[in-house]
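Now for the letters of each chain:
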Amino acid sequence: MELYNSLSRKREALPAAPAHISMYSCGVTVYDKCHIGHARSLYTFDSLVRYMRYRGYYVRFVRNVTDVDDKIIAKARQSGKSFDEVVRENMELYYKDMADLGLRPADVEPRATENIPLMIDHIAGLLAKGHAYVSEGDVYFRVRSFPGYGKLSGQSIDKMLEGVRIDKDEKKEDPLDFALWKKAKPGEPFWSSPWSDGRPGWHIECSCMSIKHLGTETLDIHAGGRDLIFPHHENEIAQAEALTGKPFARLWVHHGLLTINGQKMAKSLGNFITVQEALKSHSVNSLKLFFLSTHYASSIDYTADKLGDMEKGIARFQGFVNRAQQVAEDKLGVRLDEVEFLLEAKEKIIGALDSDFNTALALGHLFDLLTAVNRFMDAGKQDDYFEGSIRQTEKFLRELLEGVLGLTLDLPHAAGLSVEEDALLGERVEARQAKNWKRSDEIRDILKARGIIVEDGKTGQTWRRV
Ligand SMILES: [Zn+2]
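Note that this is a predicted model, so its numbers are computed, not measured.

Caption draft 1: Fine view of the coordination of the zinc ion. All of the protein donors around the zinc ion are Cys26 (SG), Cys206 (SG), His232 (NE2) and Glu236 (OE); their distances to the metal are 2.1 to 2.5 Å. Between consecutive donor residues of the zinc ion, the sequence gaps follow C-x179-C-x25-H-x3-E. Of this pair, Cys206 sits in helix H6 (residues 202–214) while Glu236 sits in helix H7 (residues 229–244), placing them 30 residues apart in sequence. Note on accessibility: Cys206 and Glu236 belong to one class, buried.

So this is what it looks like as structure tokens:
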């Protein structure tokens with residue numbers, strides 16, 4: 001399996017599976033609701049981790065939660081809530097979003113505030129080596145003391161200086177230096193340290209928590225959004241490598257950013273879409289399929305129309321699974337290696353995913369596979385070989401789309417209904433296909449009397465209980 005490494009600027013192979021992979025991803029800062037850009041980030045790495053496991057890797061995955069930061073302090077001040085309240089509320093919302101999106105927790109989800117002593121030790125180590133200095137209770141990293149600074153973002157220090165906004169900050173030796181520790185102002189949350197009562201800078205927490213919880217000074221994979229490359233990831237590398245003298249991460253994997261109708265998402269533009277707002281008008285399935293339909297490293301543009309189109313793709317998967325289930329289970333007796341077209345398709349799909357996790361290409365091959373299988377199902381072949389291959393295709397689809405990519409393939413009416421009600425819904429679909437509106441309406445009324453409302457939409461009938 002290969003992934004594109006932002007550091008070497010080329011694709012690199014992972015060690016041959018089975019192998020252990022340590023992976024860290026920068027998580028959210030809990031000062032506000034998560035938006036759909038966060039959803040893309042969380043989902044991308046959730047599915048990449050699941051895929052690596054599917055391919056035989058033992059992945060240890062750590063994703064942090066930033067629960068102390070200038071943004072949280074600012075939010076508390078604006079809203080009149082306490083710092084702790086802002087953190088607690090937004091942590092709850094974050095975990096609700098994760099659950100509603102059907103994303104799995106990481107193996108460890110450390111919170112910055114639980115690891116302050118670790119960060120103090122790390123900062124003390126950098127001070128002892130001359131990579132940091134204390135200035136009026138703050139501690140800064142001395143960027144020019146680390147020769148590799150700029151290697152991830154591909155910028156020279158002098159070039160960066162041109163781009164950086166120079167606040168005439170008297171406390172710093174150099175405008176590029178960044179804070180490792182910030183002295184608290186009155187009313188701000190603080191922890192005691194040898195330099196001042198204060199809090200850690202944002203960058204230091206990732207360096208410390210990744211090394212601690214992955215149990216290594218050189219991570220196999222460090223992941224995050226492209227917008228974090230500079231300065232966040234550049235600073236993480238500098239802090240970690242200046243202390244340990246070892247490469248901080250072998251592979252840097254960055255996902256592309258998300259725009260809304262061609263514009264950057266921003267509260268000021270009124271186009272800020274939270275996860276919960278997106279889920280009011282679109283299913284989790286269609287949101288996920290939307291993310292999968294573009295390569296993770298590319299930018300992606302969100303429009304309501306595109307999301308709506310995704311329902312058609314989902315309906316194709318669900319329709320196929322529903323149809324395949326009508327073929328008897330015992331036909332699974334046909335072995336996978338006997339089904340040549342499926343083996344070929346599987347090779348292409350896995351090949352695409354192994355090649356820098358190209359989900360867009362893999363989806364194309366998957367739809368081709370469905371077209372082929374549907375064609376011979378339509379032809380009405382009844383022998384064991386064909387029926388077996390239908391069930392084998394369904395099995396593969398479930399492994400990949402449900403097990404790895406987190407989609408739901410069972411039709412919404414499969415759960416929560418009695419056998420009889422389920423059969424009535426099935427009969428109604430057939431009645432409508434035969435344009436037997438009378439029977440279709442009769443069934444709707446029978447179900448209504450039982451407290452089940454049936455509605456017809458673009459993607460077929462849906463039901464809900466009243
Ligand atoms: Zn980070």
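Caption draft 2: Structural context of helix H2 (residues 70–79). Turning to H2, its buried residues number three or more, namely Ile72, Ile73 and Ala76. Across the axial projection of H2, the buried residues extend over an arc of 100°, all falling on one side. The exposed set on the far side of H2, more than 90 degrees from its buried face, consists of Arg77 and Gln78. Packing partners of the buried residues in H2 comprise helix H3 (83–100) and strand E8 (198–200). Sitting at the amino-terminal end of H2 is Asp69, which places a side-chain oxygen 3.0 Å from the backbone nitrogen of Lys71.

Caption draft 3: Representation of the pattern of salt bridges in the model. Scanning the entire structure with this criterion turns up 32 salt bridges. Here Arg199 makes a salt bridge to Asp70, at a shortest N to O gap of 2.7 Å. Remark: Asp70 occurs in helix H2 and Arg199 occurs in strand E8; sequence separation between them is 129 residues. For Asp445, the salt bridge is made with Arg444, and the minimal N-O distance between the two is 3.8 Å.

Caption draft 4: Representation of the packing of aromatic side chains in the model. Applying the stated criterion to the full structure yields 11 aromatic pairs. Consider the rings of Phe290 and Phe291, whose centres lie 5.7 Å apart with planes at 45°: the pair is tilted. Residue classification places Phe291 among the buried residues on the basis of a relative accessible area of 6%. Among the aromatic residues, ring-to-ring pairing joins Tyr43, Phe290, Phe291 and Tyr302 into one connected group.

Caption draft 5: Layout of the pairing of strand E1 (residues 2–5). The two faces of E1 differ: Leu3 and Asn5 on one face are buried, but Glu2 and Tyr4 on the other face are not. Of the strand pairs in this sheet, E1 and strand E2 (residues 10–13) are connected by four bridges, and their pairing is antiparallel. From the neighbouring strand, Glu2 faces E2, where its bridge partner is Ala13. The hairpin formed by E1 and E2 contains four residues between the paired strands, and Arg9 there has a positive phi angle of roughly 60°.

Caption draft 6: Geometry of the sheet that holds strand E3 (residues 20–25). Across the sheet, four strands lie side by side as E4-E3-E9-E10; this open sheet has parallel pairing. The sheet is open, and its two edges are formed by strand E4 (58–63) and strand E10 (249–255), each paired on a single side. If you compare each strand with its neighbour and ignore which way they point, the axes differ by 20° on average. Pairing between E3 and strand E9 (residues 219–225): three bridges, direction parallel. The residue of E9 that forms the bridge with Tyr24 is His222.

Caption draft 7: Spotlight on the packing of helix H10 (residues 304–324) against helix H12 (residues 359–378). At their nearest, the axes of H10 and H12 sit 11 Å apart, and the two run at 40° to each other. Regarding the angle of H10 to H12, the classification is oblique. In this structure, the crossing between H10 and H12 has a hand that is left-handed. Judged by residue contacts, Gly313, Arg316, Phe317, Phe320, Arg323 and Ala324 of H10 engage Leu363, Leu366, Phe367, Leu370, Thr371, Val373, Asn374, Met377 and Asp378 from H12. When grouped by side-chain class, the residues that make up the contact of H10 with H12 number nine nonpolar, three polar and three charged.

Caption draft 8: Here's a closer look at the sheet that holds strand E11 (residues 258–260). Spatially, the three strands line up as an open sheet ordered E12-E11-E13, and their pairing is mixed. Of all strands in the sheet, those with a lone pairing partner are strand E12 (263–264) and strand E13 (300–302), marking the two edges. With three bridges connecting them, E11 and E13 associate as parallel partners. In the strand pairing of E13, Ile260 is matched with Tyr302. Along the sheet, helix H1 (residues 36–54) makes contact with E11 and E13, crossing E11 at roughly 150°.

Caption draft 9: Just the nonpolar core, in detail. Ranked by internal contacts, the top residues of the largest apolar core, which has 129 residues, are Met23, Met52, Tyr302 and Phe317. For this core, the domains that each give at least three residues are domain 1 (2–269) and domain 2 (304–404). Discounting residues that sit within four places of it in the chain, Tyr302 has contacts with Ile36, Leu258, Thr259, Ile260, Asn261, Ile273, Ala278, His282, Leu287, Phe290 and Leu307.

Caption draft 10: Quick peek at helix H11 (residues 340–354). For H11, which comprises 15 residues, the first-to-last C-alpha distance of 21 Å matches the rise-based estimate of 21 Å (1.5 Å per residue) to within 8%. What H11 keeps buried is the set Leu342, Ala345, Ile349, Ile350, Ala352, Leu353 and Asp354. As for H11, its buried residues are in contact with E1, H1, H12 and helix H13 (384–404). With its phi angle positive at about 55°, Asp356 sits one or two positions after the end of H11.

Caption draft 11: Broad picture of the environment of Glu217. By the secondary structure assignment, Glu217 is in the loop between H6 and E9. The class of Glu217 is partly exposed, set by a relative accessible area of 29%. Sequence separation of Glu217 and Leu411 is 194 residues, and the distance between their C-alpha atoms is 46 Å. What Glu217 contacts, discounting residues up to four positions off in sequence, is Ile211, Thr244, Lys246, Pro247 and Phe248. A polar contact is formed between the side chain of Glu217 and the side chain of Lys246, at a distance of 2.7 Å.

Caption draft 12: Region of interest: the side chain of Thr218. Considering the arrangement of structural elements, one finds Thr218 in the loop between H6 and E9. Separated by 2.6 Å, the side chain of Thr218 and the backbone oxygen of Pro247 make a polar contact. What Thr218 contacts, discounting residues up to four positions off in sequence, is Ser22, Lys246, Pro247, Phe248 and Arg250.

Rules used throughout
Every residue gets a number counted from 1 within its own chain, in the order that chain's sequence is written. Where local features are concerned, this predicted model is filtered to residues with pLDDT of at least 70; where side-chain atom pairs are given and counted, the filter is 80 or more; whole-chain, interface and lining totals use all residues. Working from all heavy atoms in the structure, the side-chain values ignore hydrogens and water. Counted as coordinating are nitrogen, oxygen and sulfur atoms within 2.8 Å of the metal, or 3.2 Å for Na, K and Ca, while water is not included, which may make sites look incomplete. Runs of H or I in DSSP of at least four residues are treated as helices and runs of E of at least two as strands, each being numbered from the N terminus. Summary of the burial criterion: residues with accessible area below 20% of their type's maximum are buried, those above 50% are exposed, and those between are partly exposed, where the area comes from a 1.4 Å probe applied to protein chains only. It is the directions from the helix axis to the C-beta atoms that the arc portrays. Contact between two residues is taken to exist if any of their heavy atoms lie within 4.5 Å; hydrogens are not considered. A 3.5 Å cut-off defines polar contacts: any pair of N or O atoms within that distance qualifies, except that in protein one atom must be a possible hydrogen donor and the other a possible acceptor, and neighbouring residues in sequence count only when both atoms are side-chain atoms. A pair is scored as a salt bridge if a Lys or Arg side-chain nitrogen falls within 4 Å of a carboxyl oxygen belonging to Asp or Glu. Pairing of aromatic side chains requires ring centres within 6.5 Å, counting the rings of Phe and Tyr and the six-membered ring of Trp. Pairs whose planes differ by under 30 degrees are stacked, by over 60 edge-to-face, and all others tilted. Paired strands, in this sense, are two strands between which DSSP finds at least two bridges. Convention adopted: a line fitted to C-alpha atoms gives each axis, helices being fitted over their contacting stretch, and angles between N-to-C directions are expressed from 0 to 180 degrees. In these notes the angle categories are as follows: under 35 degrees is roughly parallel, over 145 is roughly antiparallel, 65 to 115 is roughly perpendicular, and the rest is oblique. The crossing is said to be left-handed when, going from far helix to near helix, the turn is anticlockwise and less than a right angle, and right-handed when the turn is clockwise. Under the grouping applied here, Gly and all other residues not named as nonpolar or charged are polar, the nonpolar ones being Ala, Val, Leu, Ile, Met, Phe, Trp, Tyr, Cys and Pro and the charged ones Asp, Glu, Lys and Arg. For our purposes a nonpolar core is just a set of buried Ala, Val, Leu, Ile, Met, Phe, Trp, Tyr and Cys residues, chained together by side-chain atoms within 4.5 Å. Those domain boundaries reflect an automatic or database domain assignment. One less than the residue count of a helix, multiplied by 1.5 Å, gives the span that helix is expected to have.

These figures come from the coordinates and say nothing about function on their own.
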